[in-house]
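Topology and contacts: notes
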Amino acid sequence: MPSAPHRVLLAEPRGACAGVHRAIETVERALQLHGAPVYVRKQIVHNEHVVRELEGRGARFVDSEEEVPAGAVCVFSAHGVSPQVRDNARRRGLTVIDATCPLVAKVHQEAVRFARDKDTLILVGHADHEEIEGTYGEAPERTVVVGSVEEAGRLDLAPGTTAAYLTQTTLSVDDTAEIVAVLQERVPGLTGPGSADICYASQNRQNAVKAIAGRSDLVLVVGSANSSNSLRLVEVARAAGTDARLLPDPDLLGPAWLEGVRTVGLTAGASVPDVLVERALRRLAELGYADVETEVTATENVEFRLPPEVEGPAEVEGPALVEGPAEPGTAGDTEQPGQPGQRGQRGRLNEVSQPEHPEHPDHPEQPEQPERLEQREQPEHPEHPEQPLVAGESGSGVAAAEERGGVDEESCAKLLDRVDRRIAELLSAEEARWSAVDARVAIPVAAVSELVASGGKRLRPLFCVTGYLAAGGTADEDTVVDAAAALELLHAFALIHDDIMDNSPTRRGAPTVHAAYADLHARRSWAGESRRYGEGVAILAGDLALSYANRLAGRLTGPAAQVWHELVTEMIIGQQLDIALAAEVEPDPDLARWVAVCKSGRYTIQRPLALGAAIAGRPGLHTVFEAYGVAAGEAFQLRDDLLDAFGDETVTGKPTGLDLSEHKMTLLIALAAARDPRVARLVEDSRHAEWDPAGLRAALLASGVRADVEERIDTLVAEARAALADAGLPRGWRLRLEELADMVAYRDR
């Protein structure tokens, strides 16, 4: 009986993550733009091969910014730096290029926020790791580092101390869970970040190692001895009961390592470039392990934009360190046109492709958004108003497109994912930029980031991307992604200002911006009036969101630019008329309908659709999308009115009854006043007496207007569908738009 063949079980995902790719390319581009030498504070990533290669191209690695000649170019590593380092670099006149991983930058931002709001900040991680050193520097006077369960058990905070915790990104959920559990037992009221700080790459690679360890006789981890995540992969494999070794250099691998080994598990730390994995595979093939099977536990489609200082079409000299050479006879690692972050299949030696196993118990948990930097799964209940809405998902790629008459759901989902990442990257970079000046300067940016991160329907980006794809757009994805991201930031501007005007205390289950900062002012006993401080911060945050929206829309030209400018103007004018009708207590159905058209029909649906179509080169669809959008938008606004008057706060994501309590002359109230004398009398009496929200709500219920409005919504949805009948759109996209009309009009069902 022949013996079992030697083979390699290759973990996927493995190797360099998006943050490492970004950091290495940052140094490569800096060298190309500025010439050698370019100084890098600390190792750009924890991998000796990368450091040696970049040194050969002219990079100079130093331990401190103080070692960099005054006025020289200095790159900050992917692990981040403290504000003191930034101050030193500014004092020395250094040209700084910040390659901090966006996920690390997010932790810095949260450290600033928690230090602002809490007495003590607890960092869970290794005290001597560069990432922890940098984060600690954000608030050293009120930060403690906890590196083990034992240290967590010894932590002794004064009674009544408010505390929050953050975790080192390169540690996995498994690494930190026990420490956090002990901290939660010892510190009453301990709070953590709104979303997981664990780097998606660290968790995914540990899950992949768990999947291959049980089927391997030996697990080899390609990585350097100073790489925290590489060392942890060795530990994870050993904990699973399999022998494991770190492989800093594939050339070190010899026959003695493989004595008695039939199956070699192979993976690589998140700081390891592909070329080293390829070398390890070649060396294993030389030693008789040419049969390679890939175990896929997750698919990563993540790509971070480069720092603005090096962004652009620079040509990098020499082979890119982040890409491995393709093997003879196989396809190389390619970037798909128009799909940044979506990488093609890498060439492998005799690779046997395995299916993904989403049901696997170790399937990776992707971090929640606000950063929204990772490829996200669509929600199970797309009709929920506080989840991103993606209609009609019945498959992906070509198969789904054929099933739905040409609608490519996968392309739509990928574009929307890129929109989320674009927003997160912009806000992360801006918050890091202004935090370097002073933490207080970044407060409005943080307010926008927290609102965007808290969820939302993402309706406007959805309609923009749908308009683009329905119009046949394929060639200008970067523009439509920026435009859709601009729409979401414009919506953040509108929400923040609306909340001030409506005096709303909460939004999406959290305090509104003006309420949160008014409360902070009061708790800190600062000078002046708390209400004015909170509203001042919120106004500036809203203005900043509008500024960012216009920045992203800056590349729009021709009809697309005209649509954008009309959209912004109409939305603001609609807000003005909204507050005017509330102040004058004017229940005019025609004016209320005009407000609904501006603030919902055009702003939410018609203009985003027209914007996407214009970017795709088909501005002629404007008339069709206007008829559809105005009808669907009025239905959307009427549903919003019904939910405010009669709905459930857990469904709407904001307090109900605000329109009634704040004198808002909504279309619902205007229609009811025209229909029912009691409602009209209550509205008229409010001009001279105390407003009675409870009495008005009771009158609305008794008037029967709710049934009338439901009937009106049905009619509007039918009108929206009819507008599409002869639009010349592909059948699949017509059906999709019909589904979206149902979705916005009946989102409480």
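Residues numbered from 1 in each chain as written. Predicted model: local features only at pLDDT ≥ 70, side-chain atom pairs only at ≥ 80, totals over all residues. Heavy atoms only, no water.

Describing the overall build of the protein
Secondary structure summary: the protein contains 27 helices and 15 strands in total. Taking all 749 residues of the protein together, 57% fall into the buried category. Taking the intrachain contacts of the protein between residues at least 6 apart in sequence as the baseline, contacts between residues at least 24 apart amount to 76%. For the protein, the accessible area works out to roughly 29500 Å², and carbon and sulfur atoms hold 50% of it. (Helix = DSSP H or I, 4+ residues; strand = E, 2+ residues; numbered from the N terminus. Buried < 20%, exposed > 50% of the residue type's maximum accessible area, 1.4 Å probe, protein only. Contact = heavy atoms within 4.5 Å. Areas by Shrake-Rupley, 256 points an atom, 1.4 Å probe, with all protein chains shown as cover.)

Points about the pairing of strand E8 (residues 163–167)
With five of its five residues buried, E8 lies for the most part within the structure. Side-chain alternation along E8 places Ala 163, Tyr 165 and Thr 167 on one buried face and Ala 164 and Leu 166 on a second face that is also buried. Pairing analysis gives five bridges linking strand E6 (residues 120–124) to E8, with the strands arranged parallel. Its bridge partner being in E8, Leu 123 is matched across the sheet by Leu 166. (Pairing = 2+ DSSP bridges.)

Let's talk about the pattern of salt bridges
Tallied over the full model, the rule gives 41 salt bridges. Here the salt bridges do not stand alone but share partners, grouping Arg 7, Arg 215, Glu 293 and Glu 295 into one network. (Salt bridge = Lys/Arg side-chain N within 4 Å of Asp/Glu carboxyl O.)

Topic: the packing of helix H13 (residues 443–453) against helix H15 (residues 477–502)
Put simply, H13 and H15 touch, their axes get as near as 10 Å, and they point 105° apart. The angle between the axes of H13 and H15 places the two elements in the roughly perpendicular class. Each of Val 448, Leu 451 and Val 452 in H13 lies in contact with H15, whose residues at this interface are Leu 489, Ala 492, Leu 495 and Ile 496. A breakdown of the residues in the contact of H13 with H15 according to their chemical character gives seven nonpolar, no polar and no charged. (Axes fitted to C-alpha atoms, helices over the stretch in contact; angles between N-to-C directions. Parallel < 35°, antiparallel > 145°, perpendicular 65-115°, else oblique. Nonpolar A, V, L, I, M, F, W, Y, C, P; charged D, E, K, R; others polar.)

What about the environment of Gly 260?
Within the secondary structure, Gly 260 is located in the loop between strand E10 (243–247) and strand E11 (263–268). You can call Gly 260 exposed: its relative accessible area is 74%.

Describing the pairing of strand E5 (residues 95–98)
Two elements, strand E4 (residues 73–76) and E5, share four bridges in a ladder whose sense is parallel. For Phe 76, the partnering residue across the bridge sits in E5 and is Asp 98. Crossover handedness for the path E4 to helix H3 (residues 83–91) to E5: right-handed. (Right-handed = clockwise from strand over helix to strand, strands pointing away.)

Re the sheet that holds E5
Taken together, the four strands give an open sheet; going across it, the order is E3-E2-E4-E5, and neighbouring strands pair in parallel fashion. The sheet is open, and its two borders are formed by strand E3 (59–62) and E5, each paired with just one other strand. Between one strand axis and the next, the sheet turns through 30° on average, direction left out of account. Packed on one face of the sheet, H3 meets strand E2 (38–41), E4 and E5 and runs near 170° to E4.

Side note on the sheet that holds E6
Taken in spatial order, the three strands line up as E7-E6-E8 in an open sheet, and their pairing is parallel. Two strands bound the open sheet, and with one partner strand each, they are strand E7 (143–146) and E8. Here the strands of the sheet are splayed against their neighbours by 25° on average, with no regard to which way each runs. Bridge count for E6 against E7 is four bridges, and the pairing is parallel. Bridged to Ile 122 within E7 is Val 144. Each of E6 and E8 is contacted by helix H4 (residues 102–117), which is oriented at about 170° to E8, the strand it contacts most. Contacts from helix H7 (residues 173–186) reach E6, E7 and E8 within the one sheet, and its direction differs from that of E6 by about 155°.

Description of the packing of aromatic side chains
Note on aromatic pairs: each is described by the distance of the centres and the angle between the planes. A full pass over the atoms with the stated rule returns one aromatic pair. A centroid spacing of 5.6 Å and a plane angle of 75° characterise the contact between Trp 526 and Tyr 533, whose relative ring orientation is edge-to-face. The ring of Phe 114 carries the charged tip of Arg 113 above its face, separated from the ring centre by 4.8 Å. The cationic tip of Arg 245 hangs over the ring face of Trp 257; the distance from NZ or CZ to the ring centre is 3.7 Å. (Phe/Tyr/Trp six-rings, centres within 6.5 Å; stacked < 30°, edge-to-face > 60°. Lys NZ or Arg CZ within 6 Å of the ring centre and 35° of its normal.)

Description of H3
Residues of H3 that are buried include every one of Pro 83, Val 85, Arg 86, Asn 88 and Ala 89, and no others. Looking at the buried positions of H3, the neighbouring elements they touch are E2, E4, E5 and helix H5 (130–136).

So, the packing of helix H26 (residues 705–724) against helix H27 (residues 731–745)
One can describe the packing of H26 onto H27 by two numbers: an axis separation of 10 Å at closest approach and a directional angle of 165°. As far as their axial angle goes, H27 and H26 are roughly antiparallel. By crossing handedness, the relation of H26 to H27 is classed as right-handed. Side by side, H26 and H27 meet where Ile 713, Val 717, Ala 720, Arg 721 and Leu 724 of the first sit next to Arg 734, Leu 737, Glu 738, Ala 741, Asp 742 and Ala 745 of the second. A class-by-class count of the residues in the contact of H26 with H27 yields seven nonpolar, no polar and four charged. (Left-handed = near helix turned anticlockwise from the far one by under 90°.)

Examining the confidence of the model for the protein
Of all residues in the protein, 80% have pLDDT values of 70 or greater, and the mean over the chain is 80. pLDDT under 50 marks residues 323–405. Its contacts with residues more than four places away, or in other chains, come to 220 contacts. (pLDDT = per-residue confidence, 0-100.)

Quick word on the environment of Ala 115
Inspection of the secondary structure puts Ala 115 in helix H4. Note: C-alpha distance between Ala 115 and Pro 140 (25 residues apart in sequence) is 9.4 Å. Residues within four places of Ala 115 in sequence aside, it is in contact with Ala 139, Arg 142 and Arg 524.

Here we look at the side chain of Glu 425
Within the secondary structure layout, Glu 425 lies in helix H12 (residues 409–435). Comment: no salt bridge for buried Glu 425; closest opposite-charge side chain is Arg 305, at 4.6 Å. Of note is the side chain of Glu 425, whose polar atom sits 3.4 Å from the backbone nitrogen of Arg 305. (Lys, Arg positive; Asp, Glu negative; His and termini not counted. Polar contact = N/O pair within 3.5 Å; in protein donor to acceptor, adjacent residues only side chain to side chain.)

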